Amino acid sequence: MCGIFGLITNKKELPIAKLIREGLERLEYRGYDSAGIAIVNKGKIELRKNAGRIADINKEGWFDAMEGDFGMGHTRWATHGPPNAQNSHPHLDGADKIAVVHNGILENFMELREELITRGHSFKSDTDTEVFPVLIKEFLDSGMALKEAVVATINKCKGAYGIVVCHADTPDTMIVARKESPLTIGITPGETTYCASDIPAFLPLTRMAYILDDDEIAVLNPGKVAIFDVIKGNKIEREPITVEWSIDAAAKVLDGKEYKWFMHKELHEVPRKVREQVNVPQENIDDFVKTILDAEHVYITAAGTAFYACLAGKFQMTRFGGPFMTPIECSEFKDHLPKMPKNSCVITVSQSGETADTIEAVRYAREKFGAKICSVVNVVGSSLTRYSDHVLITTAGPEIAVASQKAYCTQVTALSVVALRIAEIQGKMSQEEIDKYREALIATADVGDVILKREDAIKAVAQIISKKINFFFLGRGLSMAAAYEGALKLKEISYNHAEAYPAGESKHGPIALINEGYPVVFVAPPDETYDRLIGNIMEMKSRGATIISVVADFDERVTEISDYTLRVPIENNKYAIAMSIVPFTFPLQIMAYFASDHNGLDPDKPRNLAKSVTVK
Ligand code: F6R
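Since the model is a prediction, treat every value here as computed from it, not as a measurement. (Residues numbered from 1 in each chain as written. Predicted model: local features only at pLDDT ≥ 70, side-chain atom pairs only at ≥ 80, totals over all residues. Heavy atoms only, no water.)

A. Structural detail: the pairing of strand 4 (residues 70-76). For strand 4, a buried count of seven out of seven residues is recorded, marking the element as mostly surrounded by other parts of the structure. A two-sided burial pattern is seen for strand 4, the buried positions comprising Phe 70, Met 72, His 74 and Arg 76 on one face and Gly 71, Gly 73 and Thr 75 on the other. Pairing geometry for strand 1 (residues 3-9) and strand 4, over six bridges, is antiparallel. Across the sheet, the residue bridging to Phe 5 is Gly 73, located in strand 4. In the sheet, strand 2 (residues 34-41) pairs with strand 4 via seven bridges, with the strands oriented antiparallel. Residue pairing in the sheet places Gly 36 in a bridge with His 74 of strand 4. (Buried < 20%, exposed > 50% of the residue type's maximum accessible area, 1.4 Å probe, protein only. Helix = DSSP H or I, 4+ residues; strand = E, 2+ residues; numbered from the N terminus. Pairing = 2+ DSSP bridges.)

Okay, structure coming up:
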């Protein structure tokens with residue numbers, strides 16, 4: 001959580017403050033409780049920060065008017081202390097010479113703060129971050145140079161951090177360091193160096209990047225980067241990477257059309273991203289698959305939407321001959337598994353590759369029990385990729401809307417590709433059959449295109465139901481992955497209370513809530529669950545529920561007993577039906593988007609959420 005952006009350049013004509021502010025806006029999905037910028041100007045630090053969103057704070061050009069040589073900014077998702085101006089970053093030392101922005105959580109900050117107070121320092125904020133500049137000042141006062149003072153400071157800190165430091169008296173130098181919180185560096189050699197929480201923040205400015213690893217520190221000068229190992233102290237030689245992602249990701253424009261929200265634009269990217277996912281040559285898919293097949297115990301873990309992608313993937317991998325897998329939410333992983341058996345494999349899924357709970361689960365399994373880690377990750381070079389034995393990269397590209405949608409669709413597609421490769425390696429199904437399933441998987445992208453062409457029909461249903469307070473989302477088997485995802489999407493971006501339940505389970509309690517007009521959404525593909533699901537629909541209908549169903553285009557029976565339907569144009573054959581989990585989830589994501597927009601909300605930045613949850 002929290003977005004960091006810094007810039008240092010010898011092109012003095014550049015509008016430094018405006019570029020930092022724009023960089024922060026591209027990171028606002030990471031947190032939008034408050035924002036601030038510090039700029040070094042002729043040996044002084046100018047600091048502006050306040051609660052609220054960047055656009056509101058900068059309404060009169062308050063940030064853009066700042067002048068100076070180089071600087072940094074921060075957009076906050078509050079952890080320690082309420083989101084007010086005082087707690088906003090950057091934070092300064094007592095002498096206003098050192099500025100620091102921080103993403104992460106310091107676990108021992110209370111201890112450090114008390115120590116510093118007994119030594120005569122005072123603090124202006126409630127944050128954990130403020131101990132950084134104060135400690136750095138102490139080390140500088142003891143005679144250390146800036147880099148050494150930052151190293152000495154982080155050596156005293158326990159917890160997670162991505163930090164940027166600058167000093168008013170150290171011209172043209174910024175220091176960045178990271179441990180368990182992301183930090184990337186962009187560079188236009190010889191001219192400008194950027195640092196940011198993630199790559200898309202500087203994509204419109206450069207495509208050349210370095211990714212900092214845990215326990216590394218870098219000294220940034222204009223157009224120059226020097227990286228050092230904090231533990232060993234040596235300089236690290238690292239080549240920059242060239243980022244292929246399109247910069248269009250940073251604009252709400254797709255195929256020349258301007259969208260009102262990133263979420264809507266990104267939903268319109270789903271079919272092409274799914275198509276890319278099926279066709280992308282994944283060099284190490286066989287190693288990924290063999291690791292799963294060779295393990296004696298397989299676990300699958302992730303957070304939120306990514307966990308629901310796991311549920312779909314688990315179902316498909318097992319259906320196509322893979323082993324039984326235990327799904328555990330990553331925040332529960334350690335607590336559920338005080339011990340792990342030998343020869344375990346953990347499959348994990350993440351858009352950001354930085355979710356703290358996911359990283360914790362993976363490191364726990366790998367470092368304590370020697371488990372092999374197979375990850376499906378969207379962000380190349382993210383922390384998760386470094387803790388994994390095998391990585392499949394998803395093709396979603398940068399996802400700006402906080403709520404995941406194209407990431408979910410590509411994750412499920414990637415795991416479906418794995419499932420089909422499992423079938424091939426196991427050799428229990430004929431190649432002809434497998435090819436038909438693969439064709440059906442490819443066709444899901446075309447189904448997505450048709451769903452989007454008919455999105456007005458989904459919008460009409462969304463507008464009718466958007467004011468309802470409570471919802472159930474029910475399904476059976478594989479469809480549960482869609483029910484969970486549909487309910488999560490509706491609650492997080494439209495703030496309707498929505499709960500997903502296995503349809504059969506709903507009569508063991510939840511049905512007590514049903515009265516006239518209570519909306520119940522059924523995910524009703526024409527698969528092996530269909531007849532029993534109809535029974536569950538009837539139970540709800542006879543108690544007055546309003547029935548909204550996701551059905552195949554050719555469906556008749558569920559259509560007849562539903563008040564509203566979201567229709568999925570799949571073919572009527574066993575291959576298309578088996579591979580239809582993305583097509584049956586997609587209309588629910590679209591419905592949630594339209595409900596949010598209809599309710600006058602901001603679907604891109606839902607209340608209290610951040611895209612990359614880098615705290616445990
Ligand atoms: C919901 C959503 C979250 C994320 C979760 C995991 O729409 O986006 O539930 O899926 O925070 O994030 P990643 O995939 O980055 O690990």
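B. Structural context of the packing of aromatic side chains. In the structure shown here, the tally under the stated rule is 14 aromatic pairs. Both rings, one in Trp 62 and one in Phe 63, keep their centres 5.6 Å apart while their planes meet at 35°; by these two values the pair is tilted. According to the relative accessible area criterion, Trp 62 is partly exposed, its value standing at 32%. Between Tyr 364 and Phe 369 the ring centres are 5.3 Å apart and the planes differ by 75°, which places this aromatic pair in the edge-to-face class. With a relative accessible area of 10%, Tyr 364 lands in the buried category. (Phe/Tyr/Trp six-rings, centres within 6.5 Å; stacked < 30°, edge-to-face > 60°.)

C. How the structure looks around the site of the ligand. Near the ligand, the surroundings consist of 14 residues, among which Ser 350, Gln 351, Ser 352, Thr 355 and Glu 492 are the closest. Between an oxygen atom of the ligand and a side-chain N or O atom of Thr 355, the distance comes to 2.5 Å. Between the ligand and the protein, one listed contact pairs an oxygen atom with a side-chain N or O atom of Glu 492 at 2.4 Å. Burial of the ligand by the protein amounts to 91% of the accessible area it has alone, namely 400 Å². When contributions to the shell around the ligand are tallied by element, the ones reaching two or more residues are helix 8 (304-319) and helix 15 (479-494). Of the residues in the shell around the ligand, the class split is five nonpolar, seven polar and two charged. Structurally, the shell around the ligand is a two-domain feature, drawing no fewer than three residues from each of domain 2 (254-429) and domain 3 (449-601). (Near = heavy atom within 4 Å. Polar contact = N/O pair within 3.5 Å; in protein donor to acceptor, adjacent residues only side chain to side chain. Areas by Shrake-Rupley, 256 points an atom, 1.4 Å probe, with all protein chains shown as cover. Nonpolar A, V, L, I, M, F, W, Y, C, P; charged D, E, K, R; others polar. Domains from an automatic or database assignment.)

D. Quick look at the pairing of strand 2. Counting buried positions along strand 2 yields seven of eight residues, so the element is predominantly enclosed. Hairpin geometry of strand 2 and strand 3 (residues 44-51) is characterised by an intervening segment of two residues between the two adjacent antiparallel strands and by a positive phi of about 45° at Lys 42.

E. Seen up close, the nonpolar core. Ile 292, Met 317, Ile 347, Val 418, Phe 473 and Met 591 are the most contacted members of the largest nonpolar core, which totals 93 residues. When residues of this core are sorted by domain, at least three fall in each of domain 2 (254-429) and domain 3 (449-601). Among the nonpolar cores identified, the runner-up in size contains 31 residues, and Ile 98, Val 131, Val 151 and Val 165 belong to it. (Core = buried A, V, L, I, M, F, W, Y, C linked by side-chain atoms within 4.5 Å.)

F. Spotlight on helix 6 (residues 262-279). For helix 6, with 18 residues, the first-to-last C-alpha span of 25 Å sits near the 26 Å given by 1.5 Å per residue. Roughly 40° is the biggest bend found in helix 6, and it falls at Val 270, with proline Pro 271 one to four residues downstream. (Expected span 1.5 Å × (residues − 1). Bend = angle between axes of the 7 residues up to and from the residue.)

G. Focus on the sheet that holds strand 7 (residues 161-167). In space, the seven strands of this open sheet follow the order 5-6-7-8-12-13-14, with antiparallel pairing throughout. Each of the sheet's edge strands pairs with one partner strand only, and the pair in question is strand 5 (91-92) and strand 14 (235-236). Relative to strand 13 (residues 224-229), strand 12 (residues 216-221) is paired through six bridges, and the arrangement is antiparallel. Counted as the bridge partner of Asn 221 is Lys 224 from strand 13. Here helix 4 (residues 131-141) sits on the sheet and contacts strand 5, strand 6 (98-103) and strand 7; the angle it forms with strand 6, its principal contact strand, is near 135°. The strands touched by helix 5 (residues 146-156) are strand 7, strand 8 (174-179), strand 12 and strand 13; relative to strand 7, the strand with the most contacts, the crossing angle is about 150°. (Contact = heavy atoms within 4.5 Å. Axes fitted to C-alpha atoms, helices over the stretch in contact; angles between N-to-C directions.)

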